[in-house]
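# Report on the structure
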Amino acid sequence: MRYISTRDGRSPAEARPFDDILLAGLAPDGGLYVPETWPLFGANELRALKGKSYAETAFAVTAPFLGDAVSPAEWRAIIDRAYRGFDDADVAPLRQVAPDLYLLELFHGPTLAFKDYALQLIGPLFDAVLKRKHQRVTVIGATSGDTGSAAIEACRDRDSIDIFMLYPAGRISEVQRRQMTTVQSANVHAVAVDGTFDDCQDLVKAMFADAKFRDAFHLSAVNSINWARIMAQIVYYVAAGVALGAPSTPVAFAVPTGNFGNVYAAHAARAMGLPVSRLIVATNRNDILTRFFNQGDMSLGPVEPTISPSMDIQISSNFERLYFELAGRDGKAVASAFAEFRKTGTLPIAKPQWEKARSLFSAYRVDEDQTRAAMKAAYNESGRLIDPHSAVALAAAKRALGDTSMNLSAGPLVVVATAHPAKFPDAVESATGIRPEAPPRLARIMKLPERLEKLPNRLGAVEDFIKSRARLGGGR
Ligand SMILES: *Cc1c(COP(=O)(O)O)cnc(C)c1O
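Just so you know, these numbers come straight off a predicted model, no measurement behind them. (Residues numbered from 1 in each chain as written. Predicted model: local features only at pLDDT ≥ 70, side-chain atom pairs only at ≥ 80, totals over all residues. Heavy atoms only, no water.)

### Focus: the overall build of the protein chain
Let me state the cut-off plainly: For the purposes of this entry, the term helix denotes a DSSP run of H or I that reaches at least four residues, the term strand denotes a run of E that reaches at least two, and both are numbered from the N terminus. Restricting the calculation to C-alpha atoms gives the radius of gyration, and the globule rule supplies 2.2 Å times the number of residues raised to the power 0.38. Burial classes: relative accessible area under 20% of the type maximum marks a residue as buried, over 50% as exposed, and values in between as partly exposed (1.4 Å probe, protein chains only). When checking whether two residues touch, look at their non-hydrogen atoms; a contact exists if any pair is within 4.5 Å. Neither His nor the chain ends is counted toward charge; the positive residues are Lys and Arg and the negative residues Asp and Glu. Charge positions come from single atoms, namely NZ of Lys, CZ of Arg, CG of Asp or CD of Glu.
Scanning the protein chain for helices and strands turns up 20 helices and 16 strands. On C-alpha atoms alone, the protein chain measures out to a radius of gyration of 21 Å, which is about the 23 Å that the 2.2 N^0.38 rule sets for 476 residues. For the C-alpha atoms alone, the extent of the protein chain along its principal axes is close to 65 × 55 × 50 Å. Counting every position in the protein chain, which comprises 476 residues, the buried fraction comes to 57%. The contacts of the protein chain with a sequence gap of at least 6 include a subset with a gap of at least 24, amounting to 76%. For the protein chain, the separation between the mean place of its 55 positive charges and that of its 52 negative charges on side chains is 2 Å.

Here it is, written out as C-alpha cells:
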C-alpha cells in the first residue's frame, strides 16, 4: 500500500510507503496523506471477523495498510500489547440503550477518551519503525486538554522518542493536568507555559520553523492529521458493524466531531466495504461542519467555548481528505481551494460536490442546552451517565431518527461515546444531578506526585529546556 498527498493526487511517482508517511505526518506540499486505493473487505471477509477479539479485528483491518513497514508478527504483538491494558475485556464495548440504539464506548484506555485507541498503537509503531531505521525523534505538541495526555501515554518509556507537551498553565482542568504531570517516565516532559493555548501552539510552530533546531532534534508530531490515527480508528467501526450484523445488516453511526477525524474513519470503513446506512456528523456550537453539509457554507467563525471542549474547533483539518475525494482526487484543485480557504476564510465548493457530500453524511448542530438535555435523558431512560461529547452525538442521533427523510427507522444506530463521564464531572453533574464516579485509574492519579516544568512564553526558554533534556542533539 502506498500513499499520496491530497494536494498532489496526480503523480503516482510521488507515492510513499507507510513508514515514510507515518514519520512525516504532513506531506511536504502541505497536503494530507491518503491511501492510493482502499483495501476491500467483501462479505466473506466481514463474516470471518464475527466473534473475533478486538486485537484480531485490528490486525485484519490494519495489516493491508502497513506494507512491510513492520513484520506481521511484530505488528500483531504491538496490537496485543496496546489493548491489553484497556479496562474492558471487549476494548470497545457496545451498550444497548434502546431497541436498535447503542453506545459504542471508546473510553476504556489509559486517558479515558477515544484518542487512546489510535495513539496506543501509534506510540509503539513509531518506536518500531524508528528502531529499524536507527533513528530517534523528539515529539513536541501543544494541548488544550485531551490530546496531550493521550500522546504522552502513547510515547512514555519508548527508547526512540522523547516527548515535550506544552500546555497553558492554569487553563486546563486538574484531571487533564494530572494525566500529564503524574507520568514519571524519564522521556516525558510536561511543560506549563505562562500563556494561552494559542501561545503554546505558536511556540510549537516556531520550533518547527527553526530549521536548525528542528533538524538537530528531529522534531516530530503525533497530531490528528497523521494517517495512522485514521487507520487505527477504522477498526472499531468495523468491529461494531460486524457485532451488530454486518455484512447482512447495515449500521448507522452518529459521531461527535471537531477535526473530522473520527467520522472520516467511519467513512473509510464504509469505503472498505462495511455496510453503513448513514453517517451522522454531530457538532456543538462550533458548527462549521454542520453549516457545510446543510448549507454548503464552509466559512470560519470565532471559536466558542462549550461544555464539549474537545470539539471547540473551527478548522477541521481532516476534512481535506474528504474534499480530495469530492474533487475527484484532483490534488491541484484541492491545493488551490485550501489556499483560498486560508486567504479568505471560506472554502469554495461546487454544487455537485456539495451534493455528493450530503449524500455521504448528515449533520446536526447541538447547542449547550440540548447537550445537557441529552445527558439528562440518557440517565433517565437508561440509567447511564454519558459525557458531554457523547451527548452531542446522542442528541444528533435522536434528531436523525425523527427526520423521516432519512429513513432511519430500521436497523441499528450506534452513538459513538468518545469520553468517560468522569473526565467531565462538573458538566455531567450539572445536567443530571449525579457526580460520575472516577474509575480506578483516574482516582489513582489524583494522589500521585506531579512533575512539570514551568516556563515563560518565550521560544528561547522552551528550546533551551528541550536542549537540556532531549536525549538527542548536543552530542548525546
Ligand atoms: C478529540 C475528541 C473529539 C473529536 O474528534 P475528531 O476526530 O477531532 O472529530 C470528540 N470527543 C472527544 C472526547 C475528543 O477527545
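### Re the pattern of salt bridges
Should their charged atoms come close, side chains of opposite charge can pair. Applicable threshold: In what follows, salt bridge is the name for a side-chain nitrogen of Lys or Arg lying within 4 Å of a carboxyl oxygen of Asp or Glu.
Here the structure, examined in full by the defined rule, presents 28 salt bridges. Asp215 serves as the salt-bridge partner of Arg214, at 3.4 Å between the closest nitrogen and oxygen. In this structure Arg214 comes out as partly exposed when scored by relative accessible area, which is 32%. On the accessibility criterion, Asp215 (47% relative accessible area) is partly exposed. The salt bridge partner of Glu304 is Arg285, with a shortest N-O separation of 3.1 Å. Here Arg285 lies in the loop between strand E11 (276–283) and helix H12 (288–295) and Glu304 lies in the loop between strand E12 (298–299) and helix H13 (319–326), a separation of 19 residues in the sequence. Residue class for Arg285 comes out partly exposed when judged on its relative accessible area of 26%.

### Digging into the packing of helix H5 (residues 115–132) against helix H10 (residues 227–243)
Test applied: An axis is simply a line fitted to the C-alpha atoms; with a helix, the fit covers only the stretch in contact. Between two such axes, the angle follows the N-to-C directions and lies from 0 to 180 degrees. Here the word oblique covers every angle except those under 35 degrees (roughly parallel), over 145 (roughly antiparallel) and from 65 to 115 (roughly perpendicular). Each crossing gets its handedness from the near helix: less than a right angle anticlockwise from the far helix is left-handed, clockwise is right-handed. Amino acids outside the nonpolar list (Ala, Val, Leu, Ile, Met, Phe, Trp, Tyr, Cys, Pro) and the charged list (Asp, Glu, Lys, Arg) are all regarded as polar, and Gly is one of them.
Here H5 crosses H10 at 125°, and the two axes come no closer than 8 Å. Considered as vectors, H5 and H10 are oriented oblique to each other. In terms of crossing hand, the pair formed by H5 and H10 is right-handed. Only Ala228, Arg229, Ala232, Gln233 and Tyr236 of H10 make contact with H5, whose side of the interface consists of Lys115, Tyr117, Ala118, Leu119, Leu121 and Ile122. The class makeup of the residues in the contact of H5 with H10 is eight nonpolar, one polar and two charged.

### Focus on the pairing of strand E7 (residues 161–168)
Here is the rule: By the convention used here, strands pair only if DSSP detects at least 2 bridges between them. By convention, a crossover is right-handed whenever its connection, traced from the first strand over the helix to the second and viewed with the strands pointing away, goes clockwise.
Of all eight residues making up E7, eight are buried, and the element is well covered by its neighbours. Here E7 shows a buried face lined by Ile161, Ile163, Met165 and Tyr167 and a second buried face lined by Asp162, Phe164, Leu166 and Pro168. Note: strand E6 (residues 137–142) against E7, six bridges, orientation parallel. Across the sheet, the residue bridging to Val137 is Ile161, located in E7. What joins E6 to E7 is helix H6 (residues 146–155), and the crossover it makes is right-handed. Pairing between E7 and strand E8 (residues 188–194): six bridges, direction parallel. Along E8, the bridge assignment pairs Pro168 with Val193.

### Looking at the sheet that holds strand E10 (residues 251–256)
As summarised here, the arrangement of the six strands in space is E4-E5-E15-E10-E11-E14, forming an open sheet in which the pairing is mixed. Bordering the open sheet on either side are strand E4 (94–98) and strand E14 (362–365), each of which pairs with just one other strand. If you compare each strand with its neighbour and ignore which way they point, the axes differ by 25° on average. Pairing geometry for E11 and E14, over four bridges, is parallel. For Thr283, the partnering residue across the bridge sits in E14 and is Arg365. The sheet contacts of helix H11 (residues 261–271) involve E10, E11 and strand E15 (413–417), and relative to E11 the element is tilted by about 170°.

### Here's the deal with the site of the ligand
What counts, and what does not: Here, proximity means that at least one heavy atom of the residue falls within 4 Å of the molecule or strand. Here a polar contact is recorded for every N or O atom pair within 3.5 Å, except that within protein the pair must consist of a potential hydrogen donor and a potential acceptor, and residues adjacent in sequence are included only if both atoms are side-chain atoms. Exposure was quantified through the Shrake-Rupley algorithm and a 1.4 Å probe, taking into account, for residues, occlusion by the shown protein chains and nothing else.
In the vicinity of the ligand there are 15 residues, among which Lys115, Gly258, Asn259, Asn262 and Thr418 approach most closely. Note that an oxygen atom of the ligand is positioned 3.4 Å from one of the side-chain N or O atoms of Asp146. In this structure, Gly261 approaches the ligand through a main-chain N or O atom, which is 3.4 Å from an oxygen atom. Look at the ligand: alone it shows 390 Å² of surface, and the protein chains cover 95% of it. Looking at the shell around the ligand residue by residue, the classes come out as five nonpolar, eight polar and two charged.

### What to know about the pairing of E15
Of all five residues that make up E15, five are buried, and the element is covered over most of its length. Residues Leu413, Val415 and Ala417 point to one face of E15 and Val414 and Val416 to the other, with burial holding for every one of them. Looking at chain direction, strand E5 (residues 101–105) and E15 are connected through five bridges and run parallel. By the bridge assignment, Tyr102 is partnered in E15 with Val414.

### Description of the state of the cysteines
We count it as follows: Any pair of cysteine sulfurs within 2.5 Å is marked as a disulfide.
Under the defined criterion, the tally for this structure stands at zero disulfides. Here Cys155 is not disulfide-linked; the sulfur of Cys200 is the nearest cysteine sulfur, at 18 Å. Its relative accessible area of 0% is what places Cys200 among the buried residues.

### Description of unusual backbone geometry
Glycine aside, residues mostly have negative phi, and peptide bonds are mostly found in the trans state. That bond from Ala246 to Pro247 is cis: its omega, 10°, falls within 30 degrees of zero. Secondary-structure assignment places Pro247 in the loop between H10 and E10. We note that Phe260 has phi near 65°; this positive angle belongs to a residue other than glycine. The exposure class of Phe260 is buried, given its relative accessible area of 0%. If you check the backbone angles, Arg329 has positive phi at about 60° while not being a glycine.

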